[in-house]
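# A look at the structure
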Amino acid sequence: MHRSSDPEGGSNLRFGLLGPVEVRRNGRPVPLGSPKQRALLTALLLEPNRVVSIDRLVMAVWDEEPPRSAVANVRTYVNRLRGTLGDGDRLTARPPGYVLTVHPGELDVSEFADALRQGRQALSAGRPETALRRLSAALTRWRGAPAEDVPRSAALGPRLDALAEQRCLALEAQAEARLMLGEHADAVPELRETVAAHPTRERLWGSLMLALYRTGDSAAALAAYGQARAFLAEELGVEPGPELAELHRRILRRDPALDPSRPAPVSEAGPTPVAGPGSLVSLVGRDAELNELVAAITAAPPRPVRPVAVHGPAGVGKSALALHAVRMAAPAFPGGVFHVDLRTLPRPGAYETPARLLGLLGLADDEIAADLDDAVLQLGSATAGRRVLVLLDNVTDEGQVRPLVGVCPGCRFVITSRMVLGALDDVDHLPLAPLPDDAAYELLVRLCGRDRVDPEQVRRVARLCDNLPLALRIAGKRLAVRREWTLAAFADMLACEEHRLDLLTCGDLSVRSALDLDYQALRQCGGTANGSALALFHRLGERGMADCGSATAAGLLGRDRRTAWAALGRLADLRLMKPIAPDHYRMNDLTRLYAMEIARTAEKPANGNSAV
């Protein structure tokens, strides 16, 4: 493990969870004590620099009914860890629990996540060399299964499973980068080893099949499909998914598009066909919205031709809907179809959007104008006389797209955002809501397998997921992999509010992370309304309240009704609450649990009761 520098000359600490739990001081391992003490350290390291309540630590350490002395035991373990770390300021009491301070470069999980994010962004931008370097660096952080020497409690298990899922995502992206670079023969032995270790990962099987086919061994590629199909049927009781089955058909007919001399499709942006984060997600219950969006995209005179903005709360499936619609409409745009995810831009401002588009159109970095107005003019010239379709994904404010709308007559824009971009002129708005009950039921059944259906429990899980497609997909994926979990058992786990957000995390899919984007946007904005909205969100979280009107909000804030209305309106703008009647706003249950979590971990005055 790499060491971090300490500018003040104190001891260097390194924390490791990607394998056996370890702490190194000045490069040397330090003893971590009993399995329960290591479990407590693991719980703290999974949430570095955040308060972890004593109740959550107890649940992490004791999977069975905790002893009556559990709280006292936790305090003993904390004191021992303080001595082990040799730095009294590292592990401090902060009501209602403890916080472990971890500096940049000290935790392998954070370093892995950063390198994985950079690698996937490079892959999305069509830079496979950079992607392979970053992804390989990410994977070298792993020394074994996450926290493999710590007992898996119901509290720790889902979080550690999520880390293992991220490792698989890195392996899949690494394989994709190697194939994009043409390293087919070299990739085969490594891919065989990888699919043997992770035989339920269909993307890895697909990469192995493609690598074998491109080395001229089509028989081995077809045999690999047979092995994947047999394993999935035996272990999971399912057939291969549509992407793997389609690759099998293309290999059978020797599709010329699989020729290794052809450039591999990029996953973030590029000419038709568009691929991206939603490329493998089947839409359920969205037929009406999909048809409406495709009709708006392909509209021709005399119908007005305007940008279309899809908006809705976190996890409602905006990007998946837009990607499907864009792919369906792609034949009408011979000039190219491009997808720009603004979340992947280093500084997603007004200039970065046209600059990224110009890069996708083939301009080198030094050819792109450094000024916003000039870059927009360049984009207009580059798309003049062409029918171009552009998906601008995860827009956070009107300023990111206003310079482009109406200035590039050759471009048709589709926009996804959480907020209603009401300040844009001449835009068709398409709101997206959670799925109806029947569609939520069908989506969950498709993902977890019809052989396991217990209708009452499926509906129960869907309700606990608030019918949000993101939460439903995570629940379905977890159930598909964890065949030992019955639907009733999983519903019981979700019913525990303390663990629901932990359970609704799978690899890079996370309900908590999706909600965190809205919360961080609120924190970073200034102004009285935003400050009042942030305070109100904390007050509601402290009380576990979902419903609120202006009178209640005014009481919680200690302010007048006008300030309360502004705060509620701001929370509604960010989709952290929803207006359901005049002067009546409500959080969905997952947002309420997130608000409670934020309230528990928010810094509190030092004169409160200490945890010790």
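Residues numbered from 1 in each chain as written. Predicted model: local features only at pLDDT ≥ 70, side-chain atom pairs only at ≥ 80, totals over all residues. Heavy atoms only, no water.

## What about the nonpolar core?
Within the largest apolar cluster, 87 residues are counted, with the highest numbers of intra-cluster contacts made by L293, V461, L504, V511 and L536. Residues contacting V511, with those up to four places away along its chain left out, are L470, A471, I474, L501, L504 and L590. In this structure, A39, I54, L81 and A228 belong to the second largest nonpolar core, which totals 80 residues. (Core = buried A, V, L, I, M, F, W, Y, C linked by side-chain atoms within 4.5 Å. Buried < 20%, exposed > 50% of the residue type's maximum accessible area, 1.4 Å probe, protein only. Contact = heavy atoms within 4.5 Å.)

## What about the sheet that holds strand β3 (residues 28-29)?
Read from one edge of the open sheet, 3 strands run β1-β2-β3, paired in antiparallel fashion. A strand with exactly one partner marks an edge of an open sheet, and here the two such strands are β1 (13-16) and β3. Direction of pairing for strand β2 (residues 22-25) relative to β3: antiparallel, over a ladder of 2 bridges. What sits directly across from R25, in β3, is R28. (Pairing = 2+ DSSP bridges. Helix = DSSP H or I, 4+ residues; strand = E, 2+ residues; numbered from the N terminus.)

## A word on empty space enclosed by the protein
In this structure the tally under the stated criterion is 5 cavities of 30 Å³ or more. Of the pockets and cavities examined, the largest cavity occupies roughly 130 Å³. Among the elements that line the lining of the largest cavity, the one with the most residues is helix α2 (residues 54-61), at 3 residues. Residues that form the lining of the largest cavity fall into these classes: 7 nonpolar, 1 polar and 5 charged. Estimates place the volume of the second largest cavity at around 90 Å³. What lines the second largest cavity is a set of 14 residues, and nearest its centre among them are A314, G315, L468, V511 and L515. Per-element accounting of the lining of the second largest cavity gives the leading share, 4 residues, to helix α20 (residues 511-524). Across the lining of the second largest cavity, the residue classes break down as 9 nonpolar, 3 polar and 2 charged. (1 Å grid on protein atoms, 1.4 Å probe; cavity = no way out; pocket = protein on both sides within 12 Å on 5 of 7 lines; lining within 4 Å. Points joined across faces, edges and corners; volume = space filled by probe spheres on them. Nonpolar A, V, L, I, M, F, W, Y, C, P; charged D, E, K, R; others polar.)

## Re the environment of L444
Note that L444 resides in helix α15 (residues 437-448). Note: C-alpha distance between L444 and V405 (39 residues apart in sequence) is 38 Å. If we ignore the near neighbours within four places in the chain, the residues touching L444 are V458, V461, A462, L472, A475 and G476.

## Some thoughts on the side chain of T591
Relative to the elements of secondary structure, T591 occurs in helix α24 (residues 589-601). Taking the relative accessible area as the measure of exposure, T591 reaches 2% and is therefore buried. Beyond its immediate chain neighbours, meaning those up to four positions away, T591 contacts L515, F537 and L576.

## Thoughts on the sheet that holds strand β16 (residues 584-586)
The antiparallel open sheet is built from 3 strands, whose spatial order is β14-β16-β15. Two strands close off the open sheet at either side, each with one partner strand: β14 (547-548) and β15 (578-581). Two elements, β15 and β16, share 3 bridges in a ladder whose sense is antiparallel. Paired with A581 across the bridge in β16 is H584.

## What about the environment of L171?
Within the secondary structure, L171 is located in helix α6 (residues 157-180). Taking relative accessible area as the criterion, L171 reaches 15% and is therefore assigned buried. Taking the C-alpha atoms as reference, L171 lies 34 Å from V58; in sequence the two are 113 residues apart. Once residues lying within four places of it in the same chain are set aside, the contact partners of L171 are L139, T194, H198 and L204.

## Structural notes on the packing of aromatic side chains
Within a pair of aromatic rings, the relevant descriptors are the distance that separates the centres and the angle that separates the planes. Counted under the stated rule, the structure contains 6 aromatic pairs. Between the aromatic rings of Y519 and F537, the centroid separation amounts to 5.7 Å while the plane-to-plane angle is 35 degrees, which identifies the pairing as tilted. Of the two residues, Y519 sits in helix α20 while F537 sits in helix α21 (residues 528-543), which places them 18 residues apart along the sequence. The pair formed by Y519 and F537 is uniform in burial state, with each residue classed as buried. Their ring planes at 45 degrees and their centres at 6.3 Å tell us that F537 and Y594 sit as a pair that is tilted. (Phe/Tyr/Trp six-rings, centres within 6.5 Å; stacked < 30°, edge-to-face > 60°.)

## Some words on the confidence of the model for the protein chain
Detail in the predicted coordinates should be disregarded across regions flagged by low pLDDT. Mean pLDDT over the protein chain works out to 84, with 91% of the residues at or above the 70 mark. Taken together, the stretch residues 261-280 has pLDDT below 50 and engages in 51 contacts with residues farther than four places along the chain or on a different chain. In the predicted structure, residues 603-612 sits below a pLDDT of 50 and forms 15 contacts with residues beyond four places in sequence or in another chain. (pLDDT = per-residue confidence, 0-100.)

## Let's talk about unusual backbone geometry
Only a minority of non-glycine residues have a phi that is not negative, and only a minority of peptide bonds are not trans. Note that the residue after P95, namely P96, is joined by a cis bond; omega there is 10 degrees. In this model, R254 sits at a positive phi of 50 degrees, which is unusual for a non-glycine residue. Secondary-structure assignment places R254 in the loop between α10 (242-252) and α11 (287-297). You can call R254 exposed: its relative accessible area is 54%. A positive phi angle, near 65 degrees, is found at R575, a position not held by glycine. Tracing the backbone shows R575 in the loop between α23 (561-573) and β15.

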